[in-house]
Structure formats: structure tokens, C-alpha cells
Amino acid sequence: MIEDPLPTVSQNGPRPFPPRVSRFTRPFWTALEQGFLTAPKCQACGRLRFPPRPLCPACWSEDHVWIVLRPRGLLYSFTHIHVAPRALDGDLPYSIGIVDLDDGVRLLCRLVNQVTFADIGREVETVVLQYKDGPLFAARLI
């Protein structure tokens, strides 16, 4: 059982592109606000659904339970962003990575520290980016 919340990295201002929170995804955003990255786990086949969605992509079941994901994984790949939408101009350049979490979930997320090709395969941990209007998740090298 995961008891410690994720590290928090404070951000200035509001989220550049706030998420649409639905009745289904509300538990995800509430848990992230409290420092925990979660995903629905299918009760029928055991598959994790990330990003969170109501139907299991493997067996189409709607039955699920929310679980807290382990915060560590490996950096699979990344790219540096040099040209972005206007809302992200102040963050340029920044990096986006593909992270394979230890629980088997693959995330596409912001990387909060500098990465190079030598960092592919290195261990990362997920963090909460805390904006004025709510959280987003990201990863950083350990």
C-alpha cells in the first residue's frame, strides 16, 4: 500500500490547458490533488486503464476499482519542445517523456528536469505539478 504522497513541484499561474473533469475522472483528479497518481483497475480482467476511461480496452467491462500507482518507473523516450502553443511560451524549451511505471502503465508526461539521450532507461519518479488552479502530473529523473 502506498502511503506517502508524491513530491510536489509548485508552478506559477493556472494550468495552461486545464483538464475536463467528468463524473468518471473526478476520483483521479481528487487523488492527484492529494498527491496520489491513480488508475482504474478492471475487476473482470485486472488490466489497468490509463488514461482513466470507463470501459476496459481489453474486455469492455465497466467494473473497476481505483488503485494508487507506484510512483517509480523508467524513462522510455523523450523529446524537447522548442515551439509550443502560446499558453506554454513561458516554459520553452521543455521536455515531454514517455515513462513506463513499475505497475505497467505507460505515461506521456512533462519532464521537470533536463534529460539527454544518455538518460533513456534511467529511473524516474512521478511528481505533482501544483498550479494555482489544480494539479497535473509529471516525472523527474531520480
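Structural notes, computed from the coordinates.

## Some points on the pattern of salt bridges
If charged atoms from side chains of opposite charge come close, those side chains can pair.
In step 1: The full count for this structure, using the stated rule, is seven salt bridges.
In step 2: One salt bridge connects Arg72 with Glu123, and the closest N-O pair in it is separated by 3.6 Å. One end of the pair, Arg72, is in strand 4 (residues 72-81); the other, Glu123, is in strand 7 (residues 123-131), and 51 residues separate them in sequence.
In step 3: With a relative accessible area of 34%, Arg72 lands in the partly exposed category.
In step 4: Using a relative accessible area of 35% as the deciding quantity, one classes Glu123 as partly exposed.

## Regarding the environment of Ile2
In step 1: Along the chain, the position of Ile2 falls in the segment before strand 1 (8-10).
In step 2: Looking at Ile2, the relative accessible area reads 25%, which means it is partly exposed.
In step 3: Taking the C-alpha atoms as reference points, Ile2 and Asp119, 117 residues apart in sequence, are found 26 Å from one another.
In step 4: If we ignore the near neighbours within four places in the chain, the residues touching Ile2 are Phe36, Val68, Leu69, Arg70 and Pro71.

## Concerning the nonpolar core
In step 1: Core analysis: the biggest nonpolar cluster contains 23 residues, and Leu37, Phe50, Leu69, Leu75, Val99, Leu107 and Phe137 have the highest contact counts within it.
In step 2: At the level of elements, helix 1 (26-33), strand 4, strand 5 (94-101), strand 6 (106-111), strand 7 and strand 8 (134-141) are the ones that each hand at least two residues to this core.
In step 3: Among residues more than four places away in sequence, those in contact with Leu75 are Gly97, Ile98, Val99, Leu111, Val115, Asp119, Ile120, Gly121, Arg122, Val124 and Leu141.

## What about the layout of surface pockets?
In step 1: Here the largest pocket is characterised by a volume of approximately 470 Å³.
In step 2: Ile96, Cys109, Arg110, Leu136 and Phe137 are, among the 16 residues lining the largest pocket, the residues nearest its centre.
In step 3: For the lining of the largest pocket, the elements supplying multiple residues, two or more each, are strand 5, strand 6, strand 7 and strand 8.
In step 4: At three residues, the largest contribution of residues to the lining of the largest pocket is made by strand 6.

Quick notes on the rules
- Residues numbered from 1 in each chain as written.
- Predicted model: local features only at pLDDT ≥ 70, side-chain atom pairs only at ≥ 80, totals over all residues.
- Heavy atoms only, no water.
- Salt bridge = Lys/Arg side-chain N within 4 Å of Asp/Glu carboxyl O.
- Helix = DSSP H or I, 4+ residues; strand = E, 2+ residues; numbered from the N terminus.
- Buried < 20%, exposed > 50% of the residue type's maximum accessible area, 1.4 Å probe, protein only.
- Contact = heavy atoms within 4.5 Å.
- Core = buried A, V, L, I, M, F, W, Y, C linked by side-chain atoms within 4.5 Å.
- 1 Å grid on protein atoms, 1.4 Å probe; cavity = no way out; pocket = protein on both sides within 12 Å on 5 of 7 lines; lining within 4 Å.
- Points joined across faces, edges and corners; volume = space filled by probe spheres on them.

Keep in mind these numbers describe shape, not what the thing actually does.
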